[in-house]
Structures are given as structure tokens and as C-alpha cells.
Amino acid sequence: MPGLASDPGDSLVPFLPDVRDPVVYPVRHGVNPPIFRVYVSWTRGNFLQVACLRPPAAEPAGGEEDGVSDEEIGGKVVEVKLGAGDEEISEAQRRRIAYGSVPAFALLQSRKNSLAAMSRMSASSIRTEWWEHVLEYSRHISDLLGNPMLPSSTVIEDPKMIMQPHEEPTTLKAAWQLMEIFYVDKLSSTWLPERLVDWLADYDSLLTETTIHSKVEGLQKRLSSLKVVVEDDPEYWEGMSGALAAGWLDAVVKLLRLHGSYQLEQLGSRETENGLVEAVAVLVSTMPRMRPHLPAGRLGQCYKTKPDFIKAWEKWRLHISRLDSSTFWVQCSHHQTREGLRNLLQIMLGNISNLRAATCHWMELFISHFLYIRPLTMGLDEFHSLAQKCMQLKSSSSSNGLMGLFIGILGENPEVVLAECSKTLGPWMVAHAMELLTVDNGHADILLHEERYSLGDISIEELHRLVYAQVLSSHPLTWQIAPTYLASCPKQGLGLLEILLYKQPVQHYQMILKNLEICRLYELENISSSIMKIAGTYHWKHGRKGSGVYWLQQARDEVRLNKIAQQLFECIGKSISDDSFKQWEGLIELLGSQVGTAGGLEFLHKYRDFKRSLQQVQDGSPVDAARQTMESLMQLMKNSSTPQRFWLPLLHDSVKLLNWKAQPLLTVSETNLLLNKLQELSMVKLHPDFCESNLPPQALSSVRLALATNLGRAVLEEC
Amino acid sequence: MARSGDLHFHRFPQSKSVDAVRWLSPLSAFDRFVAAAVHDTDAASSSLEIHSLTVDAADPNSPLFDLRSSWSSPSRISSLRSSQTPHKHLVAAASTLAGSLHLLFVDPVDGSIDSELSIADDRSLHAGPISAVDLQAGGQACVSVGEDGRVNLVTVGESRLDHQRVHDSRGLVSYMAARWASPAEFATGGLGFGVQWWDQRKPGGLVSQFKGNWARGSLTGIVHSIDIHPSRKHICVVGGSSGTVFAWDLRLQQQPILLSGVSLNETTQPISESDVWEVQYDSYTHSSNINSAPSTRILPIMMCSEDGILAVLEQGEEPIELLAENCAINAFDIDPQNPSDVICGLEWESIGILTRSRETMVRY
């Protein structure tokens, strides 16, 4: 990113110094001053095109200064990329997500359409099926956003490895998971609190700067680098209480086992202490949890039904309080261990002040409530009021987009959810997450699908899809997937798709073909023929006559093909060199039989024959060739499709043959016919519309003389 | 659809557009190199990248793909071919949209680029983009064709490239494909399914041509790729628009054999209806009756298409679909040394490696 310009006086565009914090980026264009004009325009993506022009130079005196040196360039166009480079997800990764989500999105849309088509099925059965489809879609997208790392396969586990190395979590995936948990996954609705515990374990580091995660991570670094007695370190106890509050039981147990009393040489002297540490570790690892199963490596005991769980939970708490009130604590001489362990017990007993001290962010406090105070919390109302309470207790926590989204979900406020998605996570998220929002949620469904006057009679859903499609269209690599989204927009989609297809460059035939393929898929015949016309005209203009004619023929563009035929007519009468005649002949060949509905082509073919034999006569001049030429001439002159303006050029071309030395080549009647034509031509010449051919002025008289001579000779011959 | 056997497909995201891919013949079976022509639209830069590929036979699901070296191209690469020089160097010929031609000599051991020979884009070779280039076996000569209607022969000298114009149609005919048949003969293809046969020894060069107006009306298209089998030099297999793959036998000039595509009787559903970007003889798929096959029979052919199909076609048989991707397969190349492996360039900025296992591939 370029730095701030040091002196605003040098800038091309003056700015007011009193505007708050103007950010000035110098554009290095390399054009020498004075700069005469600056043009700025958007190009693809985040690029700006800045054209800097110098004043037009005065006419060079000698006119021989063709080679303009670098110092004297008249101007330059530079591309400026806007946007910060330090985003969480790189552009390339964003594109990868965009590509990957297309098949899932398209599949879901087609299922939606086919379900709508079979709407006679009972509504309830459709609904049960529907959320399963959306869940499949959601899982697919979730996988795209990054997979959690597989547990390390090393046989010997490092005891100091408290937390498994984890893939860098992204806000995008955290938000997606949150929406999946609350909106789609009906299977986990009975153990929602535990789902949130899992969620926090994955994404705690995203909440703010200092979190339990960052503390435990710091502790891990300390442990691996320092050879200290861990139980003397207050950070050890602090990290452990945090991990326990957030429910990372495996980490807590691992940390406890690092306690100094486990060391072989100390076992004798610190027996009671060690017993207490182990007792807490056992209690931690046997914590009852209201969930069907636990992932490998996680601790706790799972209970599927509420009564079983309550019974186990009561029993477990009883054990904790018994240990808490036991007399062994008195015998524990190590102060930090005693206080630390009792703090852990208090956390497990759900003592709010201990929990508050152990957690950093309100979300962590919120989650610890589910673990140790109210494991059976159900319903969004309860969640919401609990979240409000935790926020008050941890008022220092700054707000971020993820938390805004979370509050929006708890508050059953789809507008807020959408706004947060669009504000912090961008158009991709909004366009794809709307599918999650509307599952089994009538309110959101109406909100998103209602057509709004203020949006130009389109729904919010369509609006966001259009926005996303526009983002895709602006990049030369992703524009090809935009049609999938545009096709799902009933009102404006097709129109924008047509514009998108028109906009694509036609320089390279592969691009044209890719474009035409999309037209074929969406059955846009008129667009495809327009694209082919544009391509044809482009190639024709650039001298690739074959390509030009090919595309125009594919487009069945009679108008332009006839124009080309007209251009060929224009050549007639001009003296045609050997080389350009071949060129010309090739073109007639190319045009084939496709043009010429008006008979123009028939004329061209005959004319070609005439010219060809004329050429032969000029080369070797055998009598046969000369006769054949005259035959062609007669055919041309007799034929009604021969335009009148070519009569004189044709006759002028054959003057030499009319004056053929050896014998007259035309009969009397033939000559008379030609004379009549010539007469007709003289009459037309008086007409105001007559356009003069570029023949020498004496052409008419020389032709007339030649014909008269021929007539005379023919009469003699026939006598 | 015929069965396709055991397949492993692995994608390597590139975060750049992949325009062409080729295998570079290796010295040993362990180090295999792949040349890929890539284009970065954000930086507006193009380059040719040499990657090494290691596929563990025991675990074909996790091949390794490492960038070894890279050469930055002055313009986007339009066509890429590879070969081997007599001095055991690997050579890649790349043509660009600006009309320049480059020959890169790659070290067969470490995959680094040793030297480069070029013809600049000063319109002397082609006016405008070169649409196709083909390198002779041995890497001694190249043929290049373009939409400008020129056919050029480029000979590789010690330290320079010399070129000579075989034909110039001045834009009346545009060429989109070229393929050597023998050291003296090559075939070109272009608009209207036209195929031309050239012989350097004949004056003018053009020996024979096929005009594609056999497919009447709207069924005409553009030739994208030609392949010629070394043992059947009189037959060109051609891939082009609308899913068309046909074989043109020089001995039966105006009667092409349609292998796939929208046929005139419209009874059979073609495997693809979109553009066939590349065709290649597939020596891996064994013909059901290879021994008794007369020389007119067309050997199995692999094709890739805009709608994401990679398939093997055989005359008179059901096509074998190997891949059906969600995006276009713009290019592919069968490893000449190890024909079970196919490398693909996918539209969604990635390179794919397809490995086929031997046992299940034979047609029952």
C-alpha cells in the first residue's frame, strides 16, 4: 500500500485540507509533467484505471520524428488496485469457496423447484425432507470453508501438548456453523447447549484479543520452553480454571497430570496432595454431559435422556461437594495447589463469581452456564436472557460481527442476522446463508421472499443473490458461475444475465464459445446470435475475413453478409491484380451458398468466371478462352440479376476482346444487344441518381467505338 | 454407459487460471514433471510452471505436486506442447496470444529451466494470436498456425529459431489446430470443421483438404484439436464444437467417421453437446479386438469438453465416462510413458490428476 503523499501541493487533484483524514495515495504513472488530463474509470474487480495524458504536442517541425522516445510519451494508463491486502481470507481462497459452493447451491435450487412442483404432497413430509436437504447443503459448504485438522496420528502422545494443533479458524466458518446449529440441524436441537460448547472450543480465538484460548496457548508455550515447577506458576492455575470453565476437560486433565506431585521423587512427600489432584482429575473426566456422543479424545460421560442425565449430574455434584468439604485440604501444604484445586471445584459447582473470574469474554461465561449452572436450558428466550445477563457481567467485552450475529439469532431477528452477515462477512455469505435462515421459519421466509416496492419489486433474497452475482461478474475468472445465481432470480436475473453475456470480450474464440455455451444452457438464442454478430463484425474489422464470415453465417446475419457481398461488388470494375483477385475469389468461396437470396451471389460467381477467363486471355490468349470470355460476358449482360452499374465496367474490361484481331467474337445480334444496353446506360446517365463509376471519362465512347467496329466486322462475317 | 474401472482423481488448486497442461517425459519413473501454462488475472501475468508429481502407487489418493521452476511469459499462453531433444533435454513449446513463440529447455533431473529460444511478437511470425503450435518428436521443428491464416514452420537451431511461412491465407481461412503426422507432414484444422493436410516436400504444401460442410446447416463448428496415431498416419481424429469428434481418413476423403456428436439421425445421445477442447489417442484403453482390427478401425480416443466430461470413445462402442466435473475441462494430456495417468486443466483454477488402475480398465 503506498504511503501518504508528503506534499499535497504536488497532487493532481486538489483536496480540501479540512476534510477529516483524507487518505492520499500517490499513483506512479511515470508521465512527465505537465499533465493535461486525468481520466479515472473502473475496470474489473477492485481495479481502477487511471489515464494520465500530456497536452497534445505541437506539430513536429520536420515530421520525421517517428520514434518517440520514452521521455516524450504522450500519456499512460495505470491500473490501481484498491483494497487492503491483510484480509482473513485471500482473494484466491474466496474464489475457491465461490467455485465450490456452486454445485451445492445449484443442487439445492433444483430440489426446491422439484419439491415445489410436487406440492400436492402433504406439507409435513415435505418439511422433514427439506431440512435434511438443507443440512446436506450446509455441511457441504461448511467443508469448503475449511476442514478441522485430523487428530495427530503419532503413537506416543506428547504430555505437554495440551491443545491439538488446529486449523486457523475463520469468522466465516464460525458464523456458518452457528447458523447451521440454530436454523438447520434439527437432530441436535435436544442438546443445543453442548453444541455451543463444541462451537466455542473451535472458535474461541475469534471472539476478542484475550480469550481463554489465548491464555491456554500462552501457557502451552511457557510449559514447553520453561523448566519450572508448574504448580508455583499462577498462570498454570489461571489457564486451567479457564479451560475448565469453557469445558475443555481433556486439556484440564492433561494440565493436572503435569502437577509436580506426580514426579516420582516427590510422591512420598506429597502423597495427600497428589491424591487431591488425582481426585479432581477424575471428577473432571467423569463429568456427565447431556449429549448423544463425544468426539474422540474428549472427556465426560454422555447421557441421552434427561432423567438419566439429571440423576448422574446430581450424583457428580454430590461427589464434588463431598471432596470440597473433606478434611484432606488441611493436610495439603502447598498453598497454590490447595487454592487452585478448590477454585476448580467451585467452578464445577457453578459458583458464579469463580466462573466470572475464570472467563474473559461474555460468550465464555455464557457457555460455562450451560456446563455448570443450567445444563438443561432450552428455547431461544432463555438463551437470549442468559446472554443479556452475561453481557452485563462482562461489560468490558467489545462487540464484533460474530457476536452481533449470535445476538441476532438468539433474538429471533432475521433482519439483524442478515445485516450482520452482509456487514462483516460479505455478499457470498448472505447469498448462501439465506437458505439456512428460511428452513422452518415462516417469519424469515416471508421477510426474505416478500416483493418490496422499495427494492424495485424484488425480494430481499433476490436482491442479495443479484449483489453476489454482480461480485462474481466483475472478475474474469468467476463470471462464468454468476449465471447459476442469476438464474435463481425470477425478476431481474435474466436481464442481468443478458447484460453479462453481452459484456464479455470477443477477441478470442475460446471466450466466445464459452459464452455461447452459457447461452445454449439457458436457451438464450437471441443473445447467442447477437454475440456471434458482434464477434463476426470484430473479426471482419480486424482483417480475419474468414472468421468474420464464419460467425456471421453462424448468426444467420443476412444483413451483414449482404453488406459484405456489396463490398465485393465495389471491387468490380477496379483493375484487379492477380493477388487481390485470389483474395476476392476466396471470399466468394467462403460466402458459399448461404448468401445471395437476391441473386447477388449468382452474379458474383458468373463475374468470377468472366474475370478468370479474361485473365487467361491476357496470359496466353488462345481463341477458345476468348470465346468463353465473351460467352460469360453475354450471360452477364443478359442476366437480370446483373446490376446496371456494372454494365459499363464489364464492357470496358472486354474492349480488347471486342477488337480481337483474328475474328469478331460476337454475332450481329449479340452486338446489337450490347449496343442497346449501352444506349440504355446513356439514358440513365441523365438521371439525377446516377452514380459515376471510376472509369476514365472516355470509357463510354471507347466501348461504343469497339462495339461499332465489332458490329461492322460481324456483319461482314455473316454475309 | 460402459464401466470406467477404478479411478482416483485428485485436484490441486492453483489460484490462477490453468490454460494448458502437458507431461514432460521423465528420465526416471520417480520424477515426473508437468508443464502448466497459467494466467494470473489479478496480476495480469502469465507464466509457464514446471511441477514435479509424485504418485505413490500404494496410496494414489495423496499425490504430491510441487512447483519446481517458473518462467514468466510476455503474454497469455495459448497453446503448449512438449517433447524430448536427442540430448535428453525436455523441451516445451509455448505460443502466446500476442503472437510470440517460445521454446523452453528443461533439465530432466531437477526440472529447472535451462535455456529459452523465442520469436518475438513483432508480427513477423503471426499477426495476432497464435492459436496452436505443435512440436515434432525430437523437438527439432515446430508448426504454428493462427487466426490470421498463416501456417509457419519453425526450425530449432543451435541458439536461435528460424521460421519460414508455409502458407498465408491472409485471414480468409483461420486455423485453430495443428498436429504433426511425420517429419514432413502435418495436419491443420479450423473453421467450418475444415481439416487440411500439408506436406513440406510438395510445392505449396497443401496436399489435401476436407471441407466440413458435410454436417449440414447449423451443425458446423470449429476444430479445436487434432491427433494422429504414429501407426495410422492416414487418419486424423478431430475434436470440435457441439461435442463433435470425427475421424478423417485421407483415403476416404469426403466421408468422415463420426465418433461422437449430434449425428444426423439423432437417435443416439452424444456424451457431450458442448465444445470438445482436446482429443488424444488413449493407448491405455485396449480395444476389444485389437489384433483383428483392420487399419480403417479407429483406435480408442480420449476427449475433454466444456461441460466437464472426460471420456474415452471407441468406434461402435458405448463411450466410457471417466470424469463428469462441475466445470469445464479445458485441456488434458495422457502421460506417454505411463498412460494410466492423465493430467487435466480445470476451469476453476485447478489441475487434476487422474490415475486409472490396470486390472479393472480392460473392457469385458
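Residues numbered from 1 in each chain as written. Chains lettered and ligands numbered in written order. Predicted model: local features only at pLDDT ≥ 70, side-chain atom pairs only at ≥ 80, totals over all residues. Heavy atoms only, no water.

Going by the annotation in an unreviewed UniProt entry, the name recorded for chain B is Nuclear pore complex protein NUP43, with Elaeis guineensis var. tenera given as the source organism. Comment text from UniProt for chain B, heading Subcellular location (unreviewed entry), reads "Nucleus". (UniProt positions renumbered as here; feature names shortened; annotations may be inferred.)

Going by what an unreviewed UniProt entry lists, chain A is known as Nuclear pore complex protein Nup85 and is assigned to Elaeis guineensis var. tenera. The record held by UniProt for chain A lists under Subunit (unreviewed entry) the comment "Component of the nuclear pore complex (NPC)."

S.K.: Any chance you could explain the packing of aromatic side chains here in plain terms?
M.R.: Aromatic ring pairs are reported here in terms of the distance separating the ring centres and the angle at which the planes meet. Residue and element names in this part refer to chain A. Tallied over the full model, the rule gives 24 aromatic pairs over all chains. Aromatic pair Trp199 and Tyr203: ring centres 5.6 Å apart, planes at 45°, arrangement tilted. With Trp199 and Tyr203 both in helix 4 (residues 192-203) and four residues apart, the pair spans about one turn of that helix. Classification of Tyr203 as buried rests on a relative accessible area of 5%. The structure contains a cluster of three or more aromatic residues connected by ring pairs, namely Phe182, Trp362, Phe366, Phe370, Phe383 and Phe406. Cation over ring: Arg317 sits above Trp313, and NZ or CZ is 4.9 Å from the ring centre. (Phe/Tyr/Trp six-rings, centres within 6.5 Å; stacked < 30°, edge-to-face > 60°. Helix = DSSP H or I, 4+ residues; strand = E, 2+ residues; numbered from the N terminus. Buried < 20%, exposed > 50% of the residue type's maximum accessible area, 1.4 Å probe, protein only. Lys NZ or Arg CZ within 6 Å of the ring centre and 35° of its normal.)

S.K.: Quick question: what am I supposed to make of the pairing of strand 26 (residues 329-334) of chain B here?
M.R.: Each regular strand displays side chains that alternate between the two surfaces of the sheet. Residue and element names in this part refer to chain B. Most of strand 26 is tucked away: six of the six residues are buried. Pairing between strand 26 and strand 27 (residues 341-346): five bridges, direction antiparallel. Bridging across to strand 27, Phe332 finds its partner in Cys344. Between strand 26 and strand 27, which follow one another and run antiparallel, lie six residues. (Pairing = 2+ DSSP bridges.)

S.K.: I'm lost on the interface of chain A and chain B in this one. Help?
M.R.: By a widely used convention, the size of an interface equals the accessible area lost when the partners come together. The partner chain B presents 36 residues to the 38 residues of chain A that form the contact. Across the interface of chain A and chain B, roughly 3100 Å² is buried in total on both sides, 54% from carbon and sulfur atoms. Its salt-bridge partner being A:Arg520, residue B:Glu273 comes within 3.5 Å of it at the nearest N-O pair. Counting across the chain A and chain B interface gives eleven residue pairs in polar contact (both at pLDDT 80 or more). Within the side of chain A that touches chain B, the residues separate by chemical class into 14 nonpolar, twelve polar and twelve charged. (Contact = heavy atoms within 4.5 Å. Buried area = accessible area lost by both parts, 1.4 Å probe. Salt bridge = Lys/Arg side-chain N within 4 Å of Asp/Glu carboxyl O. Polar contact = N/O pair within 3.5 Å; in protein donor to acceptor, adjacent residues only side chain to side chain. Nonpolar A, V, L, I, M, F, W, Y, C, P; charged D, E, K, R; others polar.)

S.K.: What should I look at first to understand the pattern of salt bridges in this one?
M.R.: When their charged atoms lie close together, side chains carrying opposite charge are able to pair. Under the defined criterion, the tally for this structure stands at 46 salt bridges over all chains. The salt bridge partner of A:Glu278 is A:Arg257, with a shortest N-O separation of 3.1 Å. On the criterion of sequence distance, the pair formed by A:Glu278 in helix 8 (residues 271-285) and A:Arg257 in helix 7 (residues 249-257) is long-range, its members being 21 residues apart. A salt bridge links B:Arg22 to B:Asp333; the shortest N-O distance between them is 3.4 Å. Placement of the pair is B:Arg22 in strand 2 (residues 17-24) and B:Asp333 in strand 26, with a sequence separation of 311 residues. Judged by relative accessible area, B:Asp333 falls into the buried class, the value being 8%.

S.K.: Even after reading the chapter, I still don't get a nonpolar patch on the surface, so can you show me in this structure?
M.R.: Taken together, the side chains of A:Phe36, A:Tyr39 and A:Leu53 define a hydrophobic patch exposed on the protein surface, amounting to about 280 Å² of accessible area. Take A:Tyr39: it is sitting in strand 1 (residues 37-42). (Patch = residues over 30% accessible without salt bridge, like charges linked within 9 Å, V, L, I, M, F, W, Y side chains within 5 Å. Areas by Shrake-Rupley, 256 points an atom, 1.4 Å probe, with all protein chains shown as cover.)

S.K.: Explanation requested: the sheet that holds strand 27 of chain B in the structure shown.
M.R.: All names here are of chain B. Across the sheet, which stays open at both edges, the four strands sit in the order 1-28-27-26 with antiparallel pairing between neighbours. Two strands bound the open sheet, and with one partner strand each, they are strand 1 (7-13) and strand 26. Looking at each pair of strands side by side, their axes are set apart by 20° on average, direction ignored. (Axes fitted to C-alpha atoms, helices over the stretch in contact; angles between N-to-C directions.)

S.K.: Any chance you could explain the environment of A:Gln301 here in plain terms?
M.R.: Residue and element names in this part refer to chain A. Note that Gln301 resides in strand 5 (residues 301-302). For the pair Gln301 and Ala174, spaced 127 residues apart in sequence, the C-alpha separation works out to 26 Å. Once residues lying within four places of it in the same chain are set aside, the contact partners of Gln301 are Thr286, Met287, Pro288 and Arg289.

S.K.: Just to check I follow, could you spell out the confidence of the model for chain B for this structure?
M.R.: Averaged over all residues, the pLDDT of chain B is 85; the fraction at 70 or higher stands at 88%. With a pTM of 0.81, the predicted complex shows an ipTM of 0.91. (pLDDT = per-residue confidence, 0-100.)

S.K.: Looking at this structure, how should I read the side chain of B:Arg179?
M.R.: Residue and element names in this part refer to chain B. Inspection of the secondary structure puts Arg179 in strand 14 (residues 175-180). For Arg179, the side chain forms a polar contact with the side chain of Asp227, separated by 2.8 Å. Apart from residues lying up to four places away in sequence, Arg179 is in contact with Arg81, Asp134, Phe186, Ala187, Ile226, Asp227 and Ile228.

S.K.: Please explain the sheet that holds strand 19 (residues 232-240) of chain B as it appears in this structure.
M.R.: Strands in a sheet are paired, the pairing made by backbone hydrogen bonds, and the direction either parallel or antiparallel. Residue and element names in this part refer to chain B. In spatial order, the strands read 18-19-20-21; together these four strands make up an open sheet with antiparallel pairing. Either end of the sheet is taken by a strand with one partner, and the two such strands are strand 18 (223-229) and strand 21 (257-260). Neighbour to neighbour, the strand axes of the sheet diverge by 25° on average, direction disregarded. By the bridge criterion, six bridges tie strand 18 to strand 19 in an arrangement that is antiparallel.

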